[in-house]
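One-letter residues, chain by chain:
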Amino acid sequence: MTLLATMLLFGAALASEPGATWYAGLPVAQVSLEAAEGSSLPAEYLEPLLRVRQGEPLSPAELRQDLALLYRAGRFSAVEAVAEPWTLFDAGGDPVEAVRVSYVAKTPPRVDRVVLRGVSGASRRIARGAVGVDPGDAFFAETAIAEVESRVVRALGAEGWLRAQARATVVTDERGRRTLAVQINPGQPRRYGAIDVVGPRVDPSAACPDDGVCGFQPRRARRWMRSEGVRASWGPLQGSRFVRSDYERSLEAVRQGLVEQGWLQARVTATWFAGAEADEDRLRLLVETGPRLQISLEQEGRRGKAPRSAALPEILGFHGGERMARGTAADSARRIQAWYDAQGHLDAAVDAQLAGTQDGHVLTIRVRPGRRTNVGRIRVRGAEAFAPGYIESALRQADPDGLGEGIISLAGLEKARKGLQEFYRGHGFLDADLTFGELEPTIGLSLRGRSVLLPVEVAEGPRTRLIALESSGGTGLEDARLQDARADLQDAPFSPGALDELGREITAAYRAEGYLNVDVRVETTIDPVAHEVSAVVRIRAGQQVRLRSVVIQGNRRSRRRIVEREVVLDVGEPITPDALARTRSGLYGLDLFRVVNTELVGDDDRSRDLLLVLDEKPNILLEAGGGLATDQGVRIRGRAAHRNLGGWGHKLTLLGQIGLQWLSDSWRLDTAAPVWRAAATYQAPHVPGRGQELVVEGLLLEAIQEPAYRLERSGGSVSLRMVRGAFEGAFGYRVQIRRLDDVDPGAIVPGDPWLSYLDLNEDLSGTLRLPSATRLTSGPRLVLLADRRNDRFNPTRGTVVSGVIEANDGLINAPVTLRGEGRLEQYIGVGPLVLDLVGRAGAGWAVGADSTLGVEDRFYLGGSSTLRGFRLNSVGPANLTGRPQVPFPDAVEPVIEGAGVRPASTHWVNTGGDTLMSLQTELRVPMPVLGFEDLDSTSVVIFNELGHVSFRDADVTTTSSLRSVDPWLRASFGTGLRVVTPIGPAAVAFGYNPWRLETRDEPAFLAHLSLGEL
C-alpha cells in the first residue's frame, strides 16, 4: 500500500468520529469514480460495488470501506475521496444541502513484457525467477529497478555466479507498451579448485581410543562435504559449482560429523583464496576441535539390546555446543535408563561416570539391563461398565509402542493409565481411578525375556449423568440437531467429547447458513453430590453475511466468464465456508492458476465482497519422461500443451512417444522395429454443461509391438467426461483404421476377424498376407473410475475401482463385438506395512458362431505388471507352430545354426483369450521397519499372483486346448524391491513359477527390472 493510500484510509477513519466532518449524514447527490491525470480505469466496472449510494445519507464508515475495496479490487496505487458541497431540491422545490462524492483513482505503471539478455540455460532460469516481475504487474521504475538488479545478482551469486552484473531498464514503444529489459553478465560460475582442511595435528605415537578415531582426520571432512555436493577438482574432473545452500550445508555437515565423533564444541571457519584457474577458487577450512567427549557404554550380559554407538549422542541429548558439568553423568544415566525402560527392561541398573583426560572427557556408562519384561497376560478387575477385553484393548491403544507391542515399561504404564482414565471420563466416570498391581510371573517359554501378568485394578466410582441440555441465544438453526442430541445424550452417561462434537456441529450448521462469525460454547454445571451435569449451549450467531459482489484480479489471459462460472455463490446469497472451498477447488480444477486466493473484503457485518486473486500458470506446458523395463524395452515420451486457448480454458495437447523393444531374449535393442505414438487431444471444460468436459482425440499414428504381432493404427474419438468428487466417467465414440504389419501365424485362431484381411480361410489355410489389408473399426466406449486412495502417487490406504466397456458396432465393418474389463485395487494398512490387493476380470463377445475378438483386443497375462515369473503375454492358450525356414547358403548354414537359430523346428505362440481373471497380492515392507532408517524411500515387496486366460467358445481351438495341456490356473510368487526416485519409481522383482510347463520352455525363475513409467 502506498503512503498516499495509507494516509487517505487513515483520514477516512478519522472522519467517522461524530462531528469531525461537515458532510456526515448529508444526502448524497452524486457518486462517481474517476481516473487521475495520466491514469485509466480498469475494464471491470467497479461503480456498482460502492457502498456510498446516491440519495442515501453519507456514512464515513461506508466511505472508508469504499476506499479499501477500490484499493484492493482495482489494484490502484492511490485512491482519494473528494467531498464537495452540493444542492438538491426536495419535492416542493426547496433547496436541500447535500454532498457530491468523487473517488479519484490512480493506476500504477505496469509492465507488458519482461526480456532477459545475456543469459541462457541455468543462469537464465535463475535470473528469471529472481526478477519477480510478470507481465501485467505494477512496476515503479524509480524504486524497483535497483531492487530487480540486486535480486538478480544475489540469486546468481547463491547459485555460483559470484561476479554477476545486472542492469535493468524500462523501455516504452510507440504503442505505449512498457518492456522491462534486464541485461545480465553472469560471468563464469565459481568452482571449487581445491579444498584444504587444516586441523589439529595427530600425534602418531598416541594410542587410538576405543572407537578407532585417532584424532581429527581431514579426509573425513572432505567426505562429509562431498555428501552435500561440494567436490574439489580432481585430475580432468572439474570441481562442483559454488552454490550457497550446498556450501552452507557442507559446513554444517562437517560440524555435525565432528559432533558425532565427540567434539561437541567444534568450530569450522572457511576462507577463500584465488585458485590457479580464473573460474576456480581455493577453499580452506580451519577446524578447531576443542575438547573431545568419548562415550563408552559397557553392558553386562547379552540379554538386552544395547543402543547403537551412532545413536548414543542423540539419546544423551548431545547435539553440539554442550559443555561437561557436574550433573552431566547423572543426566546421562537418567536418559539411558529411560531408553532401556522403553525397551522393556524395568530392572535396568545404570551407572555413569565422567572423567577428565588429556584432550577432553570420557563418559563411561555401565548398564546391567536385566531381563526384558513382556506382557504375557493382562488381568482386569473392578471393571463393571466395560468388558475386561475392551479395557485391555484400550490400554494397548493408549500405549501403542509399549503395551501395543507386548512390552512393559514404566513410562508406558503411566501413559496407558492416563489414557484409560480419559477413556472413563469420556463415558461419565469422572472419578475413575486406575492402578497397576505387582507384576506376576507367568508360566511359559519366552525367547525375548520374561513373560509376566499385568494386574489392573479399576475403581470406576459413580457414573455422572447428563440431566439437562438446553440452548441459549440461537436463531433456531440448532433446534433439529439439539433435539437429536437430547434423545442421544440426555439421561445418558455424561460425555464431554460428545458435547464438544455437538458444539462443532452447531457451529458448522450456522456457518453453512452464512453466519460466519458465530460463536458456540458449551457450558456445564456439575453436581458432585448427585453426580449430575446440566449443559447449556450458548450461541452468539451474529449477522448473516451475504455476498454483495465478486471482484476478480489476475486473470490477464483468462476470460472473466470462465472464472465466474466456477463461483458457486450468487450475489445476495449467504456466504458459507463450503461454497468458498468449492469455488477454490473448481478454479484449481481448471488447471489455469498456480494460486487461488479467496478474500472477503468489507467491514459491514451483513455483507462482504468476494475478492478472487489469481496467479495464472503459463499457457504453454512442456513435459518429458520415459521408462525402461526388462520385458517392454525403452520408452521416451513428450507432451506439449496449450492450456488456455482463446482465454476460455480449453486445452490442446500434443503427445509424442517413441521406443524400442528388446531383441528376442537379449539385452540388445531392436532398432529395426521401433514403436511410436503421435496423438492430439482437445479438451473443452464445461461443454455442453457444468461439470462436463468435451474431449476430442486424434490418433495420428501408433505402432504397437507385442511378442506375437505388430499393429499400426490411426483414428479419432469424441467423448463426454464427467467428474463428481472421487467418481469419474467418460462416454464416447471412436473410429480407427488398423493394419497388422507383422504377425506370427500361431497367434491367429479360428473366428479371428483378421482372417480375411490376412488372406486366410476359416481353417487357417491359405497364404499369409503381410502387411494385412486395412481394417476399419468403430463403436462406443464407456470408462468409469472411482478413486478413494489417500494419495494418488504413493497410496497406502483406500480403494480404486475402474471399468472399461467398448464395442465394435458393425456400422462400418463387421463383426459386432463387445469387450469389458474391470479392476479393483484395495490398499490395506497393517501398521507401517501396506497390503496391496488387485483383482481383474474381463470378457469379450463376438456376434456369430465360432467368432472371437481380434488378436489385438484379446486379453493377455504375464510380465512385470501382471504375473511376474512369466514372460510378457505368455499365460493362457497357445499354438504350436513351425519356425520360419531361412534358406541359408551351404557354406554358412552350420555357423548360423550353431550361433543364432534354435535347433527346434517348432515353437509355442500364445494367442491370448476372450476371458481373463487375475488376483495379485503384494505386501510392501518399508526398509525403516527392518532397521534401515536411511532407506525411507525403499520397500521390500513380497507378492503372490494368480491368473487365468481362456476362450469361452470351445470351437475356438488352439493346440494347447486340443492337447488339454492348458492349466486352468497359473501362479507365481516372489520378492523384490521398490524405490521412489526423482526420475520415477524403480522396481526389481524376482518371480518364481512353481508349475512351469517345460514343453513351452517356461523359466522357473525370472527377474524383472523397471525404471520410470512406460
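Above this text is the structure in question.
A brief structural summary. No experiment lies behind these values; they were computed from the predicted model shown.

Calculation rules
Residues numbered from 1 in each chain as written. Predicted model: local features only at pLDDT ≥ 70, side-chain atom pairs only at ≥ 80, totals over all residues. Heavy atoms only, no water. Helix = DSSP H or I, 4+ residues; strand = E, 2+ residues; numbered from the N terminus. Rg over C-alpha atoms; globule rule 2.2 N^0.38 Å. Buried < 20%, exposed > 50% of the residue type's maximum accessible area, 1.4 Å probe, protein only. Contact = heavy atoms within 4.5 Å. Areas by Shrake-Rupley, 256 points an atom, 1.4 Å probe, with all protein chains shown as cover. Lys, Arg positive; Asp, Glu negative; His and termini not counted. Charge placed at Lys NZ, Arg CZ, Asp CG, Glu CD. Patch = residues over 30% accessible without salt bridge, like charges linked within 9 Å, V, L, I, M, F, W, Y side chains within 5 Å. Salt bridge = Lys/Arg side-chain N within 4 Å of Asp/Glu carboxyl O. Core = buried A, V, L, I, M, F, W, Y, C linked by side-chain atoms within 4.5 Å. Pairing = 2+ DSSP bridges. Arc of directions from axis to C-beta. Axes fitted to C-alpha atoms, helices over the stretch in contact; angles between N-to-C directions. Parallel < 35°, antiparallel > 145°, perpendicular 65-115°, else oblique. Nonpolar A, V, L, I, M, F, W, Y, C, P; charged D, E, K, R; others polar. Polar contact = N/O pair within 3.5 Å; in protein donor to acceptor, adjacent residues only side chain to side chain. Phe/Tyr/Trp six-rings, centres within 6.5 Å; stacked < 30°, edge-to-face > 60°. Lys NZ or Arg CZ within 6 Å of the ring centre and 35° of its normal.

Counting secondary structure elements, the chain contains 16 helices and 40 strands. Computed over the C-alpha atoms, the radius of gyration of the chain is 38 Å, more than 25% above the 31 Å expected from 2.2 N^0.38 for a compact globule of 1014 residues. The C-alpha extent of the chain, read off along each of the three principal axes, is 120 × 85 × 85 Å. Counting the 1014 residues in the chain, one finds 41% classified as buried. For the chain, the proportion of contacts with a sequence separation of at least 24, taken over those separated by at least 6, is 62%. On the chain, roughly 52800 Å² of surface is accessible, and the fraction owed to carbon and sulfur atoms is 53%. Distance between charge centroids for the chain: 5 Å, based on 119 positive and 128 negative side chains.

Where nonpolar side chains cluster on the molecular surface, the patch consists of Phe731, Leu782, Leu784, Ile805, Leu818 and Trp845 and spans about 550 Å² of accessible area. Along the chain, the position of tryptophan 845 falls in strand 33 (residues 833-846).

A few words now on the nonpolar core. Membership of the largest hydrophobic core comes to 25 residues, with the highest contact counts inside it found for Val52, Leu58, Leu70, Val99, Val101 and Tyr103. Mapped by element, the contributors of at least two residues to this core are strand 1 (28-35), helix 2 (60-74) and strand 3 (95-106). Setting aside residues no more than four positions away along its own chain, leucine 58 makes contact with Tyr23, Ala24, Gly25, Leu26, Val28, Val52, Val99 and Val101.

All right, on to the pairing of strand 9 (residues 280-288) then. Relative to strand 9, strand 7 (residues 191-198) runs parallel, the two sharing 7 bridges. In the sheet register, aspartate 196 faces strand 9, and the bridge partner there is arginine 284. Judged from the 8 bridges that link them, strand 8 (residues 267-274) and strand 9 form a sheet pairing that is antiparallel. Among the inter-strand pairings, arginine 267 is bridged to a residue of strand 9, identified as glutamate 288.

A cluster of acidic residues, Glu762, Asp763, Asp850 and Asp955, forms a negative patch at the surface. With respect to the secondary-structure elements, glutamate 762 resides in the loop between strand 29 (727-743) and strand 30 (775-787). Classification of glutamate 762 by relative accessible area gives exposed; the value is 56%.

Along helix 3 (residues 121-131), the residues that are buried comprise Ser123, Ile126, Ala127, Ala130 and Val131. Seen end-on, helix 3 carries its buried residues on one side only, within an arc spanning 135 degrees. Residues of helix 3 that are exposed and point more than 90 degrees away from the buried face comprise Gly121, Arg125 and Gly129. Lining the buried residues of helix 3 we find strand 4 (113-117), helix 4 (141-158) and strand 6 (178-185). Just past helix 3, the residue glycine 132 takes up positive phi, approximately 70 degrees.

Taken together, 3 strands build an open sheet; the order of strands is 4-6-5 and the sheet is mixed. Two strands lie at the open edges of the sheet, namely strand 4 and strand 5 (165-172), each paired on one side alone. Each neighbouring strand pair of the sheet contributes to a mean axis angle of 20 degrees, computed without reference to strand direction. As paired strands, strand 4 and strand 6 are joined by 5 bridges and run parallel to one another. In the sheet register, arginine 117 faces strand 6, and the bridge partner there is glutamine 183. Across the sheet, helix 3 touches strand 4 and strand 6, and the angle it forms with strand 4 is around 145 degrees.

Before going further, it helps to examine helix 5 (residues 218-226). Of all the positions in helix 5, only Arg220, Ala221, Trp224 and Met225 are classed as buried. Taken end-on, helix 5 shows its buried residues confined to a sector of 140 degrees, consistent with a single buried face. Buried-residue contacts for helix 5 involve strand 7, helix 6 (244-260) and strand 9.

Turning our eyes to something else, we now look at the pattern of salt bridges. Counted according to the given criterion, the structure contains 63 salt bridges. Arginine 677 is paired through a salt bridge with glutamate 702; the nearest N and O atoms lie 3.4 Å apart. Placement of arginine 677 in strand 26 (residues 675-685) and of glutamate 702 in strand 27 (residues 692-705) is noted, with a sequence separation of 25 residues between them. A relative accessible area of 21% places arginine 677 in the partly exposed class. One salt bridge in this structure joins glutamate 806 and arginine 819, with 3.5 Å as the shortest N-O distance. Pair noted here: glutamate 806 is in strand 31 (residues 798-808) and arginine 819 is in strand 32 (residues 817-830), with a separation of 13 residues, a long-range link. Of the two residues, glutamate 806 and arginine 819, both sit in the buried class. When salt bridges that share partners are traced, they join Arg734, Arg781, Glu806, Arg819, Glu821 and Arg840 into one network.

This next bit is on the packing of helix 11 (residues 479-489) against helix 12 (residues 496-511). Interhelical geometry of helix 11 versus helix 12 gives an angle of 170 degrees and a closest axis separation of 11 Å. The angle between helix 11 and helix 12 falls in the class roughly antiparallel. On helix 12, the residues touching Arg481, Leu482, Ala485 and Leu489 of helix 11 are Ala498, Leu499, Leu502, Glu505 and Ile506. Considering only residue class, the contact of helix 11 with helix 12 consists of 7 nonpolar, no polar and 2 charged.

Bringing the environment of leucine 711 into the picture now. Among the structural elements, leucine 711 can be located in strand 28 (residues 709-724). Overall, leucine 711 belongs to the buried group, its relative accessible area being 1%. The contact partners of leucine 711, leaving out residues within four places of it in the chain, are Glu702, Ala703, Ile704, Arg738, Arg739, Leu740, Trp754 and Glu856.

A cluster of like positive charges, contributed by Arg113, Arg117, Arg175 and Arg177, occupies part of the molecular surface. For arginine 175, the position within the fold is in the loop between strand 5 and strand 6. According to the relative accessible area criterion, arginine 175 is exposed, its value standing at 66%.

Below, the discussion takes up the pairing of strand 30. Here strand 29 runs beside strand 30; their pairing, made up of 12 bridges, is antiparallel. For phenylalanine 731, the partnering residue across the bridge sits in strand 30 and is leucine 782. Summarising the sheet, strand 30 and strand 31 pair through 7 bridges and their orientation is antiparallel. Within strand 31, the residue paired with leucine 785 across the bridge is serine 802.

Reading across the sheet, the 3 strands line up as 20-22-21 and stay open at both edges, with mixed pairing between neighbours. Edge positions in the sheet fall to strand 20 (546-553) and strand 21 (593-601), since each of these pairs with one other strand and no more. On average, adjacent strands in this sheet sit at an angle of 20 degrees to one another, irrespective of strand direction. Of the pairings in the sheet, the one linking strand 21 to strand 22 (residues 607-616) comprises 8 bridges and is antiparallel in character. Across the sheet, the residue bridging to glutamate 599 is leucine 611, located in strand 22. Contacts from helix 14 (residues 577-589) reach strand 21 and strand 22, with the element oriented near 155 degrees to strand 21.

What follows is about the side chain of aspartate 670. In this fold, aspartate 670 is placed in the loop between strand 25 (650-660) and strand 26. Among buried charged residues, aspartate 670 stands out as having no salt bridge; its nearest opposite-charge side chain is arginine 710, 7.1 Å away. Reaching out from aspartate 670, the side chain makes a polar contact with the backbone nitrogen of alanine 672 at a distance of 3.2 Å. Apart from the residues within four sequence positions on either side, aspartate 670 is in contact with Leu660, Gln661, Trp662 and Leu663.

Here the focus is the packing of aromatic side chains. Aromatic rings considered in pairs are described by the distance between their centres and by the relative angle of their planes. The final tally for this structure, using the stated rule, is 17 aromatic pairs. Pairing phenylalanine 242 with tyrosine 247 gives two aromatic rings, centres 5.3 Å apart and planes at 50 degrees, and the pair type is tilted. Here the aromatic rings of tyrosine 390 and phenylalanine 423 are separated by 5.7 Å at their centres, their planes lie at 45 degrees, and the arrangement is tilted. In this pair, tyrosine 390 sits in helix 9 (residues 388-398) while phenylalanine 423 sits in helix 10 (residues 410-425), placing the two residues 33 residues apart along the sequence. When its relative accessible area of 47% is taken as the criterion, tyrosine 390 is described as partly exposed. Members of the aromatic cluster, each reached through a chain of ring pairs, are Phe386, Tyr390, Phe423, Tyr424 and Phe429. Lying over the aromatic face of phenylalanine 943, arginine 868 brings its terminal NZ or CZ to 3.9 Å of the ring centre.

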